[in-house]
There are 4 protein chains.
Amino acid sequence: MARRRSDDKRERILQAAVKVFAKKGYFAARVSEIASKAAVADGTIYLYFKGKEDLLVSLFDEVMKEHIEQARAELALVPTAPEKLRVIAEHHLRAMGQNRDLAVVFQVELRQSTKFMERFTASWLQDYFSLMSAVIEDGQKDGSLRPELPRKVVVKALFGALDEMVTSWILSRRDYDLDKLAAPVVDLFLRGAASTGTRGPTRRPALAGTAS
Amino acid sequence: MARRRSDDKRERILQAAVKVFAKKGYFAARVSEIASKAAVADGTIYLYFKGKEDLLVSLFDEVMKEHIEQARAELALVPTAPEKLRVIAEHHLRAMGQNRDLAVVFQVELRQSTKFMERFTASWLQDYFSLMSAVIEDGQKDGSLRPELPRKVVVKALFGALDEMVTSWILSRRDYDLDKLAAPVVDLFLRGAASTGTRGPTRRPALAGTAS
Amino acid sequence: MARRRSDDKRERILQAAVKVFAKKGYFAARVSEIASKAAVADGTIYLYFKGKEDLLVSLFDEVMKEHIEQARAELALVPTAPEKLRVIAEHHLRAMGQNRDLAVVFQVELRQSTKFMERFTASWLQDYFSLMSAVIEDGQKDGSLRPELPRKVVVKALFGALDEMVTSWILSRRDYDLDKLAAPVVDLFLRGAASTGTRGPTRRPALAGTAS
Amino acid sequence: MARRRSDDKRERILQAAVKVFAKKGYFAARVSEIASKAAVADGTIYLYFKGKEDLLVSLFDEVMKEHIEQARAELALVPTAPEKLRVIAEHHLRAMGQNRDLAVVFQVELRQSTKFMERFTASWLQDYFSLMSAVIEDGQKDGSLRPELPRKVVVKALFGALDEMVTSWILSRRDYDLDKLAAPVVDLFLRGAASTGTRGPTRRPALAGTAS
DNA sequence: GATGAATGAGCGTTCATTCAT
DNA sequence: GATGAATGAACGCTCATTCAT
């Protein structure tokens, strides 16, 4: 696709925005700082974006679009639902683990307000959830996943678990590999935390027999 | 009206702050609006709090303190780790499900910035994680929970799942009972999403060749 | 004269005001700090003074009243105008040199605004100028002072010179005796700066051609 | 209108500041009033000055710089110390007498606080004093001024006298020519107030023989 | 008289956005 | 398209003063 010559300016602005938002936070970030880091004049930003808020929105849109496209492509390469879930987890954690500044923007800055969150939930995040939901559904149909589980809860639980791994990684000072957590998270998610034979919250050790 | 300090003024201010923060977001919230909703003068707020930010911090501190105390008390009443986990989940979802405005503040406004998040993570949230971690550890020792799972990951996954249920509930327009989700979440968490016999992401049907 | 028991409170407040005004400046001075230094409640100040500004006005009034009374008494003890001028200079510099905080208030804080200055000029300062003017007049009548000099200019010049000694002393970090300057100032004031024989700016050596 | 910086905006702002500071006093002066009088937006002031205080400081710096330069130039034109002193006095009084508002700022507003005064004393005022001191020194060396007088006292006395003329002129309602006072002040300063033959504070009329 | 909690008016400054060049 | 000087709305906080106790 033909790109206008100055499209690299747009890109530079977005990259500068990620850095400044990550370092200062959305509100404390100064448009003029983003402009200067992108080596453009303040006013130039307004030729490419509607305003400060649009920087955040555009950032989210573009990153999510690519993330979801890639995820879809990778998912096509593995056959079973459990494997697909692992692909999703790995992809999610790898994507965020690659660029800490971007991760900060996604985990923190994009959650400034219910207004933002609703907007994001309604757009690409919905797509992401659908993607996961479809995998779950397939798994429930082909018998690899427990069919009695409410799909929405399963999706949210997986997303929430992954999301928390990322947030925790951001706030941690240690610099571990985020994507190494994909395996244990998926293992936990699929097999559960309970030991075999005592699985389920209602089943209790035999000795406790009379308790309700 | 008594000119004696403390009255219930402090409490009224905090409650007003919850409402205004939830409606407008922390940054857009006006101190004067909080004051007027609390029926005190603007300056009075500064007799009880250091500033706008201190309102948020105090809110978090007081709610978390009570939440954790209650959780501890409830945990003492049940014997096994799986049951304790259900208590935690129920308590978590019930607490947040009771006051939507407070939930908004906790899920959205308190996560404005890495500064806030680090501060909170370092204080009560740490306590909350420890509480959960201790339960997991007990379960792993008495054999009710799989001992090979990395405890930190388990804690974060559970917290993340619960956290996402709350966030999702806030953003949803439907007004379902949040605490009803405790059961399926804990069931999923303990038993896993995979059907028995096909558990584990690595195990694939022997003749998986044709699976899509 | 019978003084009400609590008159010592009034005095304590004024003394505290001098200290705080001197340290912080009038505008930056906090009424509450004055109250706390005087060991009274904030509101108590308003039982003795109309407001913050009244503290400054009262301070000026009382100090000037006493200063002028003392000056008058001391003046009665010496007979000639030149000696009286020395008495005035000594008294002026001694009074201010005794209490640096008070001097700061008089030299700096009381000159905050034309409003203050006009008020003060119109009251006690006018008295002080009259006192000096009367001495000058006496001197001019009895022949000890040059009669052709415009009295007002003489008074202002003397006051200005003394005033500058005080201001300079306040701002200086060295801790010299301010009243030691009375002698040279009066000497300069009476005899002039010019050497005898070359006095007067208009008189130039007849053959001035070679003067450097 | 040109959007180019510097225009005459900076100058307009300073002139507006002089007027507003003179009328309201530094503390009561509103930045927004200065802006509106200068016909610029409030924010524009901050493109040229660091803040309200910087307006005062810049005012002082620029006026003093020019004043001292001019004084130096004029001094070079007259040969003797007594004449130089008259030049200084005339220049001082003329400069202040030309712009009452500016004079108010210099005599009143710039003396808000010891902080300001120390700052000013340490900068241009020091220069001004040095200028005067050099003239005195020259006069003492060439015999036109009494060598036994302490130079610092002489300088302060002259400055103080001139300063008081200005202050007094400002506070007076009558609108006389300030620079007309230069002659009598310098005459008094050089020849002293005492009549010839009775000069000096220690010499007393013979008739007064027995007084101490 | 004394207290001190409560009041609420008041303002310097920042910064996202515009628009003449 | 690009610039960056100019704009001006917006607000958290302080503190002199009041007044119920």
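Calculation notes
Numbering of residues begins from 1 in every chain and follows the order in which that chain's sequence is written. Naming scheme: in the order in which they are written, chains are lettered from A and ligands are numbered from 1. Local features are withheld for residues below a pLDDT of 70 in this predicted model, meaning they are given only at 70 or higher, and side-chain atom pairs are given and counted only at 80 or more; totals for whole chains, interfaces and linings count all residues. Side-chain measures were taken over the full set of non-hydrogen atoms in the model, leaving aside hydrogen atoms and water. By nonpolar core is meant a set of buried Ala, Val, Leu, Ile, Met, Phe, Trp, Tyr and Cys residues that side-chain atoms within 4.5 Å join together. Think of it in three bands: residues with accessible area under 20% of the maximum for their type are buried, residues over 50% are exposed, and the middle band is partly exposed, with areas taken using a 1.4 Å probe on protein chains only. Whether two residues are in contact is decided by their heavy atoms: any pair within 4.5 Å suffices. In this comparison the copies share one frame, found by least squares on the C-alpha atoms of residues holding pLDDT of at least 70 in both. What gets called buried area is simply the loss in accessible area from a 1.4 Å probe that two parts show on being joined, summed for both. Criterion for a salt bridge: a side-chain nitrogen of Lys or Arg within 4 Å of a carboxyl oxygen of Asp or Glu. Any N or O atom pair separated by 3.5 Å or less is treated as a polar contact, with the protein-specific requirement of one donor-capable and one acceptor-capable atom, and with residues adjacent in sequence counted only for side-chain atom pairs. Working definition: helices are DSSP H or I runs of at least four residues, strands are E runs of at least two. Numbering for both runs from the N terminus. The classification used treats Ala, Val, Leu, Ile, Met, Phe, Trp, Tyr, Cys and Pro as nonpolar, Asp, Glu, Lys and Arg as charged, and all other residues, Gly among them, as polar. Here, axes are lines fitted to C-alpha atoms. For helices the fit covers the stretch in contact, and angles between N-to-C directions go from 0 to 180 degrees. Oblique is the label for any angle not under 35 degrees, not over 145, and not in the 65 to 115 range, which are roughly parallel, roughly antiparallel and roughly perpendicular in turn. Should the near helix be turned counterclockwise from the far one by less than a right angle, the crossing is left-handed, whereas a clockwise turn marks it as right-handed. What pLDDT reports is the predictor's confidence in each residue, on a scale of 0 through 100.

### Some remarks on the nonpolar core
- Within the largest apolar cluster, 155 residues are counted, with the highest numbers of intra-cluster contacts made by Phe21 of chain C together with Phe21 of chain D.
- When sequence neighbours within four positions are dropped, the list of residues in contact with Phe21 of chain D reads Tyr26, Ala29, Ile34, Lys52, Leu55, Leu56, Leu59, Val105 and Glu109 of chain D.
- Val18 and Val104 of chain A together with Ile13 and Leu190 of chain B belong to the second largest nonpolar core, which has 153 residues in total.

### Observations concerning the relation of the copies chain A and chain B
- Expressed as a screw transformation, the operator carrying chain A onto chain B has a rotation angle of 180 degrees and an axial translation of 0.0 Å, and the superposed copies differ by an RMSD of 0.1 Å. What the rotation and shift describe, once combined, is the action of a two-fold rotation axis. Closest approach to the rotation axis within chain A is made by the C-alpha atom of Gly192 of chain A, at a distance of 1.7 Å.
- Of the interface residues in chain A, 94% have counterparts in chain B that sit at the interface too, so the contact is made through matching surfaces.

### Structural notes on the interface of chain A and chain B
- Contacts between chain A and chain B engage 64 residues on the former and 61 residues on the latter.
- Carbon and sulfur atoms supply 60% of the area that chain A and chain B bury against each other, a total of about 5,600 Å² over both sides.
- At the junction of chain A and chain B, the tally comes to two salt bridges.
- Summed over the shared surface of chain A and chain B, the result is 22 residue pairs in polar contact (both at pLDDT 80 or more).
- Secondary-structure elements contributing two or more residues to the side of chain A that touches chain B are helix H5 (81-98), helix H7 (114-122), helix H9 (151-171) and helix H10 (182-191) of chain A.
- If one sorts the elements of the side of chain A that touches chain B by residue count, H9 of chain A sits on top with 13 residues.
- Of the residues assigned to the side of chain A that touches chain B, the class counts are 30 nonpolar, 17 polar and 17 charged.

### Observations concerning the packing of helix H8 (residues 124-142) of chain A against H9 of chain A
Residues and elements named next belong to chain A.
- Where H8 meets H9, the closest approach of the two axes is 9 Å, and the angle between their N-to-C directions is 120 degrees. By the angle between their axes, H8 is oblique relative to H9. Crossing of H8 against H9: the hand is right-handed. Contacts from Leu125, Tyr128, Phe129, Met132, Ser133, Ile136, Glu137 and Gln140 of H8 reach H9 at Arg151, Val154, Val155, Lys156, Leu158 and Phe159.
- Partitioning the contact of H8 with H9 into residue classes produces nine nonpolar, two polar and three charged.

### As for the confidence of the model for chain A
Residue and element names in this part refer to chain A.
- For chain A, per-residue confidence averages 89 on the pLDDT scale, and 90% of positions sit at 70 or higher.
- Within chain A, H7 has the poorest average pLDDT of any element, 86, and H10 the best, 98.
- Segment residues 198-212: pLDDT under 50, and 26 contacts once partners within four positions in sequence are set aside and those in other chains are kept.

### Focus: the relation of the copies chain D and chain C
- Each copy of the sequence occupies a distinct position, and chain D is placed on chain C by a rotation of 180 degrees and an axial shift of 0.0 Å, giving an RMSD of 0.2 Å.
- A symmetric contact is evident, with 92% of the interface residues of chain D recurring at the interface of chain C.

### Describing H10 of chain A
- For H10 of chain A, the buried fraction is high: eight of the ten residues fall into the buried class.
- Listed as buried for H10 of chain A are Ala182, Pro184, Val185, Val186, Asp187, Leu188, Phe189 and Leu190 of chain A.
- Summarising the contacts, the buried residues of H10 of chain A are in contact with H5 and H9 of chain A together with helix H9 (151-171) and helix H10 (182-191) of chain B.
- Two residues or fewer after H10 of chain A comes Gly192 of chain A, characterised by a positive phi angle close to 85 degrees.

### Examining the pattern of salt bridges
- All chains considered together, the criterion is met by 64 salt bridges over all chains.
- Across the pair Asp163 of chain C and Arg111 of chain C runs a salt bridge, and its minimum N-O distance is 2.7 Å. Pair noted here: Asp163 of chain C is in helix H9 (residues 151-171) and Arg111 of chain C is in the loop between helix H6 (100-107) and helix H7 (114-122), with a separation of 52 residues, a long-range link.
- Lys180 of chain C serves as the salt-bridge partner of Asp177 of chain C, at 3.3 Å between the closest nitrogen and oxygen.
- Through salt bridges with shared partners, a single ionic network connects Arg146 and Glu148 of chain A together with Asp187 and Arg191 of chain B.

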